[in-house]
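So the chains spell out like this:
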Amino acid sequence: QPAAERAASQPRPESAAMLALLVEAMRHESTAQDTQWTCCLALDILIAGEPRFGSYFLDHSGAQMLIRMLRSGKDMGADGGDFRRALAYLIASLADCSLHVAERLRHEGTLRALSEHGIVCAGGDGKDVEGMMWAIGALGGLSAVMEVMEREGSSRPAVLRGGVLAICECTWHATDDREDLVRLPRALTMVLEVIRREEALSPHLRDLIKALGSVLACIAPHAPPGELSDVDGGVEYLLRRFQEHPSESLSSSADVGQDSSNERTADPLVAATEKAAEAIGRIALVAPLWRRALLHCGTLDGLRHWIRCGSAPRRLHKYLFWAAAAIGGLPFVTEELRLHMQLVAVVDAGLCTIIDILDDDIDGEYSLVGVERGAEMDMSLLFKLVVEAMRSHSGAPEVQARAGHCVGLLASLASDEVLGAIAPSAASSVLAGARRFPRRNDVAGGACAALRTLCSLRPRRPAAPTPGNGCAQAGADGWGALAALQATLRDEGAAECADQIMTAFSSRAVGRSNIDILEDAVAVLALLRGVEPVLQRLLDGYSGSPLRPAGLKALFEVGRSDIRLFAGAGVAAAAAEACARLVAEEAEEHGSRLHEVAALLSGLCMGAVANGHISAGR
């Protein structure tokens, strides 16, 4: 484990001291309400940031303090709403620390106290009750939430709303719990009842639809269309949102055409529609029978109508494309890009969706790897459309960034014929975007990723083995298809562009995105100019520069892919010598990452020499 990671995993001494002071302040019953509230807020931040403090808190009678404060909070009336809410969030953070901490809290009666004393009807906005329901879900799971909803919800709207939020969170973990799966149909019924009761309260509609989608996504793999009426009814409710005319639904939206990145600040109807689209997409991804049903019941037509309405905000466009791609795959994205190339919102959303489908490194909840990709002809058309998007929207940095990423993904899948026809113009467009926005991290990242792929391309179709040589040589047609690309990269200064990006980003604060940019830029430079100029650039850099470990890692990766890059006279020895010099200049506690990648690169070079793959001599 690198030194930086080891240090980050240890509790900071000042945090431990602060925790002890807060626990001591909370221990006394005479502590003022405002002080207890402040302590809860501070403890929540500390424990959420360093979960190992949860056990320390419980070791110092933390559960008993929580139960005492739940009881006292019950008697504070409406004035105690903020206190009860902070207390609820603290309990939820403790429950999330570990299974052991959650079990200790339950064993000492915290869950029972939440249910008995936390659900206070004291007026106000009900946020404290919603927080308590969230804490009950974090600590007791789906069954505990449903028990309180059934007992208190008929006359307590805040209990129902908080319960729905808690159900949404609980269902993410329900797929591995058979008991929760059995309870999900009843949970779905309760969510639908709340939606019917409170649908007109638009500020809560987003959360209600999010909960509905979460429950449906858990049940759908086990309940195909027509098997459970509530499942069918829930899906129909989601689909009805896209049967409405978009201009009417969005007429009151304050962010039409804007890119609202915060779903909590978006117009309530827009946010609700986003969650409906996401729910439909998730159902399609997890349940093939439902995907087929959605495909044949006109769902794509409804989503397409909203995409084409011209009044949807840009963030909503991305949800609509994502949901449609989960059902119809890449051909849907290709068709919409072809028809609406002039609309930057559509293009941006389409490019994002292409990345979700094609990038195997994306493993998050929005990954679409595995959906329908279409025929090779579709991929060729899509490649052309991505390049056209870069040219049509040269002044939109987000398009340049995402299109660059797409170029890298599509180039690695294209045939030799397609590469020969499209890759040169793709390289030219990528370089133009990088030069137009030289300080944009996202544009530089997309450009370097694309250039690295383009520089690494080799013909797909080998020729027959040359007489006297058992190895198949690259087919003349394949190399001919790539000749124009190589000329474009050389003539339009791809190496110079990579060098400029290295200079611009090597002096910035180190972040994961910057490291990736530097690695790709170094790889491009090595593939175009060779290994030795890169080694010299690293040696000329300053001690502690992020370029050094990023550069060594890039050289290791390109060498592992094609060791012939180190086959020149003395290149392997020069690389090993450079690694030794860089290691000697970097203190291990500050440069442990450099030490690791230097060892990898040295081992790769020396191993290749020992096995006879390359020569060690100068």
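Before any of the text, the structure's been laid out above.
K.L.:
How would you summarise the nonpolar core if you had to cite specific residues and measurements?
P.N.:
Core analysis: the largest hydrophobic core is formed by 203 residues, its most contacted members being L238, I354 and F383. When residues in this core are grouped by element, the largest group, twelve residues, is from helix α9 (residues 127-152). When neighbours within four sequence positions are excluded, L238 is seen to be in contact with I209, L212, L216, A276, A279, I280 and I283.

K.L.:
Give a description of the packing of helix α15 (residues 268-286) against helix α18 (residues 314-328) that names residues and reports values.
P.N.:
It is the contact of α15 with α18, at a shortest axis distance of 8 Å, that shows an interaxial angle of 20°. It follows that α15 is roughly parallel to α18 by the angle criterion. In terms of crossing hand, the pair formed by α15 and α18 is left-handed. Residue-level inspection shows V270, T273, E274, K275, A277, E278, I280, G281, R282, A284 and L285 of α15 in contact with α18, the latter providing R315, L316, Y319, L320, W322, A323, A326 and I327. For the contact of α15 with α18, the per-class residue count stands at twelve nonpolar, two polar and five charged.

K.L.:
Give a description of helix α17 (residues 299-307) that names residues and reports values.
P.N.:
Looking only at α17, the buried set comprises T299, L300, G302, L303, W306 and I307. All buried residues of α17 lie within an arc of 160° about the axis, which places them on one face of the element.

K.L.:
Can you lay out helix α3 (residues 33-49) for me, pointing to particular residues and giving the numbers?
P.N.:
Each full turn of the α-helix corresponds to 3.6 residues, which orients residues three or four apart in the same direction. Along its 17 residues, α3 runs 25 Å from first to last C-alpha, staying within 8% of the 24 Å computed at 1.5 Å per residue. Within α3, burial applies to Q36, C39, C40, L43, D44, L46 and I47.

K.L.:
Any details on the side chain of R68? Residues and values, ideally.
P.N.:
Counting through the fold element by element, R68 comes out in helix α5 (residues 62-74). Buried charged residue R68 carries no salt bridge. Nearest counter-charge: E29, at 4.9 Å. If we ignore the near neighbours within four places in the chain, the residues touching R68 are M26, R27, H28, E29 and Q36.

K.L.:
Give a description of unusual backbone geometry that names residues and reports values.
P.N.:
Of note, S61 is a non-glycine position whose phi angle comes to about 65°, a positive value. Structurally, S61 is set in the loop between α4 (53-59) and α5.

Conventions adopted
- Position numbers for residues start from 1 in each chain and track the written sequence from start to end.
- Residue-level local features of this predicted model are given only where pLDDT is at least 70; pairs of side-chain atoms are given and counted only at 80 or more, and the full residue set underlies all totals for whole chains, interfaces and linings.
- Values shown for side chains rest on all heavy atoms present in the structure; no hydrogens or waters enter the calculation.
- Think of a nonpolar core as a cluster: buried Ala, Val, Leu, Ile, Met, Phe, Trp, Tyr and Cys residues, connected wherever their side-chain atoms sit within 4.5 Å.
- Exposure is judged per residue with a 1.4 Å probe applied to protein chains only, and the accessible area is read against the type maximum: over 50% gives exposed, under 20% gives buried, and values in between give partly exposed.
- Numbered from the N terminus, helices here are DSSP runs of H or I no shorter than four residues, and strands are runs of E no shorter than two.
- Every residue pair with non-hydrogen atoms within 4.5 Å of one another is taken to be in contact.
- An axis is simply a line fitted to the C-alpha atoms; with a helix, the fit covers only the stretch in contact. Between two such axes, the angle follows the N-to-C directions and lies from 0 to 180 degrees.
- We call two directions roughly parallel when the angle between them is under 35 degrees, roughly antiparallel when it is over 145, roughly perpendicular when it lies between 65 and 115, and oblique otherwise.
- Crossing handedness is defined as follows: a turn of the near helix away from the far one that is anticlockwise and smaller than a right angle gives a left-handed crossing, while the clockwise case is right-handed.
- Lys, Arg, Asp and Glu make up the charged group, whereas Ala, Val, Leu, Ile, Met, Phe, Trp, Tyr, Cys and Pro make up the nonpolar group; the residues left over, Gly among them, are polar.
- Arc definition: directions from the helix axis to the C-beta atoms.
- A helix is expected to span 1.5 Å multiplied by its residue count minus one.
- Asp and Glu are treated as the negative residues and Lys and Arg as the positive ones, with His and the ends of the chain left uncounted.
- Salt bridges are defined by distance alone: a side-chain nitrogen of Lys or Arg within 4 Å of a carboxyl oxygen of Asp or Glu.

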